[in-house]
Every structure is written in structure tokens, then in C-alpha cells.
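In case you want the letters, here they are:
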Amino acid sequence: MKAIGCMEFGDPSVLKILSLPSPSCDKHQVLIRTEGVSVNYADLQTRRGAYHAGSSTFPVIPGLDAAGIVEKVGAQVTNVQVGQRVIAFPHTGTYAEYVVADSNLVFPIAETVPLDQAIACPLVTFTSRMLLDKVARFEKEETILVHAASGGVGTTAIQMARNKGAKKIIGTVGSREKMQAALDAGADTVLCLENGSFEDAVMEMTSGKGVDVILDSLGGNYTANGMKCLAPYGRLVAFGNASHSYSDLNTGSLHSSCRSVLGFSIGSTRRMRPAWFADVSSSVLADLENGRIHIPVSARFPLNDAAKAHALLEQRKITGKVILEA
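Basis of the calculations
- All chains use their own residue numbering, which begins from 1 and follows the written sequence.
- Totals for whole chains, interfaces and linings use every residue, but because this is a predicted model, local features are given only for residues with pLDDT of at least 70 and side-chain atom pairs only at 80 or more, for both listing and counting.
- The side-chain quantities take in all heavy atoms of the structure and omit both hydrogens and water.
- The buried label applies to any residue whose accessible area, calculated with a 1.4 Å probe on protein chains only, is under 20% of its type's maximum; exposed applies above 50%, and partly exposed to all values in between.
- Helix numbering and strand numbering both begin at the N terminus, where a helix is a DSSP run of H or I of at least 4 residues and a strand a DSSP run of E of at least 2.
- To be clear, the arc concerns the directions from the helix axis to the C-beta atoms.
- Given the number of residues in a helix, its expected span is that number minus one, multiplied by 1.5 Å.
- What makes two residues a contact is simply this: any of their non-hydrogen atoms within 4.5 Å.
- Here, axes are lines fitted to C-alpha atoms. For helices the fit covers the stretch in contact, and angles between N-to-C directions go from 0 to 180 degrees.
- Geometric relationships in this document are graded by angle, where less than 35 degrees denotes roughly parallel, more than 145 denotes roughly antiparallel, 65 to 115 denotes roughly perpendicular, and other angles denote oblique.
- Crossings are assigned a handedness: left-handed for a near helix turned anticlockwise from the far helix by less than a right angle, right-handed for a clockwise turn.
- Gly counts as polar in this scheme, as do all residues outside two lists: the nonpolar Ala, Val, Leu, Ile, Met, Phe, Trp, Tyr, Cys and Pro, and the charged Asp, Glu, Lys and Arg.
- In these notes, a set of buried Ala, Val, Leu, Ile, Met, Phe, Trp, Tyr and Cys residues joined through side-chain atoms within 4.5 Å is what counts as a nonpolar core.

Some remarks on helix α10 (residues 306-314)
Part 1 of the argument: Residues Ala306, Ala309, His310 and Leu313 constitute the buried set of α10. For α10, the buried positions fall inside an angular range of 100 degrees around the axis, keeping them on one side.
Part 2 of the argument: Phi turns positive one or two residues past the end of α10, at arginine 316, with a value near 60 degrees.

Following this line, the structure appears as C-alpha cells:
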């Protein structure tokens, strides 16, 4: 089968077209003919070697999710059938014509969902739903601050928070050109982080109370500054470090304010708590089928042009999702 991967770590040019044996599935797995995959920041990190401590068995295939058609099911698989359209979270890279996933990480998706939405949705919708429901325990009438609000997770989390009855949604973006995307997703206000500061503006917008939930994919000083505008009983969820740094927090401020700092990784959850995927799947798939969630797709490339997709994403100028179509 054809796959896209690298035989060394580096810039987008290391991604090459490879010819690999087609995967096989065991009795608990599903073989899927890939129709497309979403391109995520984690894929760039995989290509750079950031997830491999500088060493790995090559070739390395990026990709965390896939949409496609079931080609074969294992003898003990009952939740999907051959010919069915699905989305999936394989344990191996997904930039390939065929992927294999454990059946408990494969979910049927309605034919009425447009193909580009099916391709774009898996990682951002399941991540956003877990962040809000499982980790932050977001409730109706609460306020929320969403960093990187114009990106895939950002725009999706904003829509989900709106659907859950958020009182106020504040987004942050890295440039003024990205502000409209967050507003279109449903944010009440969007702050530009060109100057790096947001905490004073958030406190002013919330009449000095702060926000109940912060979804923090930036890390570094953004995390420390987030604690300055997190309300009593508030929850800050750290699920990325796009700033390439981490923050040292003074935990002395936590017990008296009853605030929480929480971590989340969808990759770790896939390995250690895969049942969470099933827990949120019904609401995610219903939102997609009923049009309550729309994933903005800003660019699409054929699978062969994965290097171009990576180069575009690295410019940090795009909003919404980039997808690869098989």
C-alpha cells in the first residue's frame, strides 16, 4: 500500500511516498480503507522527532485519526461491519491507504455528514468533548476562555461550549487576521495575543470574577497568566504547549481558592482510558449528524502532498483544519 512517512526526522521535505505491506487485523480490530485524515500539530511534532526522544524505528508514519470505509473486521468485532463508513483512532500512523484500529476506537458516522467534515472531525471533536465534559466538567452558565480559538480544537470547543449554554466565551488568537474565525465559531469576544497579555482584559470582561474554565494549549507564561484570571472553583486544563515551554505554578494559591489545574492528552487517553472515546461518541456523532458542530476546513491536499500541508500548518497563519484526502 501507499503511505506517507519519513526515514529521518526533519522539516516537511523528509515526508516521502512509501510502499509498505498492507496491515492485517486481529480478532478485535478493524481494517479501514482510508478516505482521508486530518493534519494536526502533533503530526508536525512526530515528523520532527519530538515524540520519539530523537530515535525511532523508521519509517515513521504521522497521523492520529482517519475516516474511511471498513474493509474487514475481526472475528469478535460487533460494532461495525464491512462497507460501513467510520472514523477511527488507530495506534499507528494514519497517512496511509489502509489503517487498522482496535474496534473500541472505531465509530460509524452517518452518510449524511459531508466527507470533508468526516475527515476533519475525529481528533478535534473527541478532544473538545473530553476537555469540556470529562476534564473541565463545564456547566451551563459558566464562563470559558479558549486559547488558540481559531484553530480546529478552538473553534470546535467554542461551538460545544455555546451548545452547552455558556454564559460568556472569550477566545484568544495570535494575530488579528484570526479573530473573525473565532467569532464565527461563536465566541463573544476575541483577544489578540500579539502583545502576550490577556489576563487584565479577561478580568475586566468578567467584572473582576475571572473565568470558570480555561482551555490552555499554549503553556508557558500563558498558563501562569491564566491563573491570574481563573475564578474561584475554576478549572484550568493544560493540553498542549504550542509556546514550546511550560510554566512553574505556585500551588499555594490553589487550596484557598478551590481552583484546579488539570492535564489532558488524547494520545495518553487512547492508550490508558480508551473507554472515554465511547463515553463521548454518542454526543459527538449526534452533533455532527444534526449540524450542531461544523468544522471549518481551510485547506485540503491529496495524501501525496502531505509535505505541503505540513509546511502550510507550520506558518501558523491558517485557521480551522487542514485535511489530506486519499
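Some words on helix α9 (residues 275-289)
Residues spaced three or four apart along an α-helix point in a common direction, a consequence of the helix completing one turn every 3.6 residues.
Part 1 of the argument: Here α9 contains 15 residues, and its C-alpha end-to-end distance of 22 Å stays within 8% of the 21 Å for a straight helix at 1.5 Å per residue.
Part 2 of the argument: In the core, the buried residues of α9 are packed alongside β5 (85-88), β7 (106-108), α2 (115-135), α3 (152-163) and α8 (266-272).

A closer look at the packing of α2 against α3
Part 1 of the argument: α3 packs onto α2 with a crossing angle of 50 degrees between their chain directions and a minimal axis gap of 9 Å. One finds that α2 runs oblique with respect to α3. Two packed elements cross with a definite hand, and for α2 against α3 that hand is right-handed. Contacts from Val124, Thr125, Thr127, Ser128, Arg129, Leu131 and Leu132 in α2 reach Gly152, Val153, Thr156, Ala157, Met160 and Ala161 in α3.
Part 2 of the argument: Grouping the amino acids of the contact of α2 with α3 by side-chain chemistry returns seven nonpolar, five polar and one charged.

Describing the nonpolar core
Part 1 of the argument: Judged by nonpolar contacts, the single largest core of 52 residues is most densely connected at Phe126, Ile144, Leu215 and Phe264.
Part 2 of the argument: Of all the secondary structure elements, the ones that give two or more residues to this core are α2, β8 (143-146), α3, β9 (168-173), α4 (179-185), β10 (189-192), β11 (211-216) and α9.
Part 3 of the argument: With eleven residues, α2 is the largest single contributor of residues to this core.
Part 4 of the argument: Among residues more than four places away in sequence, those in contact with phenylalanine 264 are Thr127, Met130, Leu131, Val135, Val237, Ala238, Phe239, Thr269 and Trp276.
Part 5 of the argument: Counting 34 residues, the second largest nonpolar core, distinct from the first, contains Ile4, Val14, Val37 and Leu324.

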